[in-house]
Amino acid sequence: MSSLTSGLKRETWLPYGRQWIDEADIQAVTAVLRSDYLTTGPKIEAFESKLARQVGAKYAVAFANGTAALHGACCAAGIGPGDEVITSPLTFAASANCVLYQQATPVFADIDASTYNLDPAKTAELINSRTKAIIPVDFTGQPADLRTIRALAHEHGLLVIEDAAHALGAFYEGEPVGGISDMTMFSLHPVKHITSGEGGIITTNSEDLYEKLLQFRCHGIVRERAKLIHEAHGPWYHEMQSLGYNYRMTDLQAALAESQLEKLPMFVAKRREIATQYDEAFGAMKVLQIPWQSSEGVSSWHLYVIQLRLEQLSAGRKQIFEELIALNIGVNVHYIPVYYHPYYEQLGYSRGLCPQAERLYERILTLPLFPAMTAADVRDVIAAVKGVTERYAC
Ligand SMILES: *Cc1c(COP(=O)(O)O)cnc(C)c1O
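Residues numbered from 1 in each chain as written. Predicted model: local features only at pLDDT ≥ 70, side-chain atom pairs only at ≥ 80, totals over all residues. Heavy atoms only, no water.

*Asks:* Looking at this model, I keep getting lost on the overall build of the protein. Mind explaining?
*Replies:* Scanning the protein from terminus to terminus reveals 13 helices and 15 strands. Relative to its length of 394 residues, the protein is compact, with a C-alpha radius of gyration of 22 Å against a globular reference of 21 Å. Viewed in the frame of its principal axes, the protein has a C-alpha envelope of about 80 × 55 × 40 Å. Burial statistics for the protein: of 394 residues in total, 54% are counted as buried. (Helix = DSSP H or I, 4+ residues; strand = E, 2+ residues; numbered from the N terminus. Rg over C-alpha atoms; globule rule 2.2 N^0.38 Å. Buried < 20%, exposed > 50% of the residue type's maximum accessible area, 1.4 Å probe, protein only.)

*Asks:* Please explain the site of the ligand as it appears in this structure.
*Replies:* Close contacts around the ligand come from 15 residues, with G66, T67, D163, S187 and K192 the closest. Between the ligand and H166, the relevant distance is 2.9 Å, taken from an oxygen atom to a side-chain nitrogen or oxygen of the residue. In the model, an oxygen atom of the ligand is placed 2.8 Å from a nitrogen or oxygen of the S187 side chain. Notes on the ligand: free accessible area 380 Å², of which the protein chains cover 92%. Elements with a contribution of two residues or more to the shell around the ligand: helix 3 (66-76), helix 4 (94-101) and strand 8 (183-187). When grouped by side-chain class, the residues that make up the shell around the ligand number 5 nonpolar, 8 polar and 2 charged. (Near = heavy atom within 4 Å. Polar contact = N/O pair within 3.5 Å; in protein donor to acceptor, adjacent residues only side chain to side chain. Areas by Shrake-Rupley, 256 points an atom, 1.4 Å probe, with all protein chains shown as cover. Nonpolar A, V, L, I, M, F, W, Y, C, P; charged D, E, K, R; others polar.)

*Asks:* Whenever I open this one, the pairing of strand 3 (residues 105-108) confuses me. Can you help?
*Replies:* On a regular strand, each side chain points to the face opposite its neighbour's, so the side chains alternate between the two faces of the sheet. Where strand 2 (residues 84-87) and strand 3 come together, 4 bridges link them in parallel fashion. Within the sheet, the bridge partner assigned to V85 lies in strand 3 and is P106. In terms of handedness, the path from strand 2 via helix 4 over to strand 3 forms a crossover that is right-handed. (Pairing = 2+ DSSP bridges. Right-handed = clockwise from strand over helix to strand, strands pointing away.)

*Asks:* How do you make sense of unusual backbone geometry when you look at a structure like this?
*Replies:* When glycine is set aside, most residues are seen to have a negative phi, and most peptide bonds are trans. Here H334 and Y335 are connected by a cis peptide whose omega angle stands at 0°. The phi torsion at W301 lies on the positive side, around 50°, for a residue other than glycine. With respect to the element layout, W301 can be found in the loop between strand 13 (297-298) and strand 14 (304-308).

*Asks:* What am I meant to see in the state of the cysteines here?
*Replies:* Note on terminology: disulfide describes a covalent bond linking the sulfur atoms of two cysteines. Throughout the structure, instances matching the rule amount to 0 disulfides. Lacking any disulfide linkage, C74 is separated from the closest cysteine sulfur, that of C98, by 3.6 Å. (Disulfide = S-S within 2.5 Å.)

*Asks:* Would you explain the sheet that holds strand 13 in this entry?
*Replies:* Backbone-to-backbone hydrogen bonds join strands into a sheet, with any given pair of strands oriented parallel or antiparallel. Judged by pairing direction, the sheet is antiparallel, and its 3 strands sit side by side in the order 7-6-13 without closing on themselves. The open sheet terminates on both sides in strands that have one partner only, identified here as strand 7 (175-176) and strand 13. Two strands pair when backbone bridges link them, and strand 6 (residues 171-172) and strand 13 are joined in this way by 2 bridges, in the antiparallel orientation. From the neighbouring strand, F171 faces strand 13, where its bridge partner is V298.

*Asks:* Whenever I open this one, the domain arrangement of the protein confuses me. Can you help?
*Replies:* By a widespread convention, an interface's size corresponds to the accessible area lost as its parts come together. In terms of domains, the protein is made up of domain 1 (3-16 + 264-391) and domain 2 (23-261). Measuring from the centre of the C-alpha atoms in domain 1 to the corresponding centre in domain 2 gives 28 Å. Between domain 1 and domain 2, the contact holds 36 residues from the first and 40 residues from the second. For the interface between domain 1 and domain 2, the tally reads 1 salt bridge. Note that R147 is salt-bridged to E296, the shortest N-O span being 3.7 Å. Our enumeration of links across domain 1 and domain 2 arrives at 22 residue pairs in polar contact (both at pLDDT 80 or more). Where the side of domain 1 that touches domain 2 is concerned, the elements lending two or more residues are helix 9 (264-282), strand 13, strand 14, helix 11 (342-346) and helix 12 (355-361). Top element by residues in the side of domain 1 that touches domain 2 is helix 9. It accounts for 5 residues. Along the lines of polarity and charge, the residues of the side of domain 1 that touches domain 2 split into 25 nonpolar, 9 polar and 2 charged. (Domains from an automatic or database assignment. Contact = heavy atoms within 4.5 Å. Salt bridge = Lys/Arg side-chain N within 4 Å of Asp/Glu carboxyl O.)

*Asks:* Please clarify how the environment of R272 should be interpreted in this entry.
*Replies:* Turning to its location among the elements, R272 is positioned in helix 9. Take R272: its relative accessible area is 28%, and that puts it in the partly exposed class. Each C-alpha atom, one on R272 and one on L369, is 9.4 Å from the other, the two residues being 97 residues apart in sequence. The contact partners of R272, leaving out residues within four places of it in the chain, are V298, S299, S300 and W301.

Shown next as structure tokens:
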């Protein structure tokens, strides 16, 4: 560490994200431990209906995690071998892996250089007769260009599966994210807006997709008499009609998620407040660029991603990253373009595919942002980022 910045070192590590658990959450979970059902009990439906109502969707299906939920959405969408699904390269691998799980092909469309979300014009260029769906990602919590993507999907008969892992509590053109796309996925991992330890959920307004999601989550099993293929052998009778999985969420998790949901407006407000403080502190700096926000959406601020202006700096992103880590500021990088991963390389994807995403990847840093950050934490981040980057201004 340089003696010039060592005075900025925090005594404790500040992660980029972490959960907020209070006494009400703990009591909600312990109440389930004392109840009859640890899994598939009353808490699942209670959480599902509460979340559906909150985001303005008719139905919601909770899953063991967000990745399982995306897998379910791809299956419900009828995606299979030979199909193509267009998604963003600037995301967590799960947004594309869910397509591979169905033996279909993820196709990466480049991002828009200002919003960092899927570029609808680049998406349109990649649509062909094999395309079945589009998976836009609401990167950092800023909704993708959902109106244009929905129009494209409608024109070509595609489904939109929105990866809103970052966007619970976000709005698009005045509507909450969750009731807009054919299916919307939220993740309940501890770094996300609300948590159930591990968990995910799909919202939809389609009864047909809802029923397919329920079946997929529980082994492909059907119990409802009216929907049986064979005649019931007796009261015990049920049928496995498709190859599903055990992707259920437990009641312990659903109780935690339901309790957390009460705090969502407060969580988002706190995140927004910190993002505003960052905007004010960094907005006029020459060496970096703050995240641009489109007027169509209102971000829920899962991540605060700065872009280094490398032309104005004599140090690279790696050095700045390492110096901030040495000061106990838990910066991160979201994301390595999905197709850079060796598994994708081996499938035939290669560098150069999405130049905007690749350029951005060289320049980004995610700063700590979570509701439990104190005013002193925020001041530490601002001082460290300014101190480290401005030293290399050229
Ligand atoms: C977190 C995340 C997921 C996966 O969610 P899990 O609950 O961790 O499985 C998918 N997509 C994006 C963009 C994410 O950030």
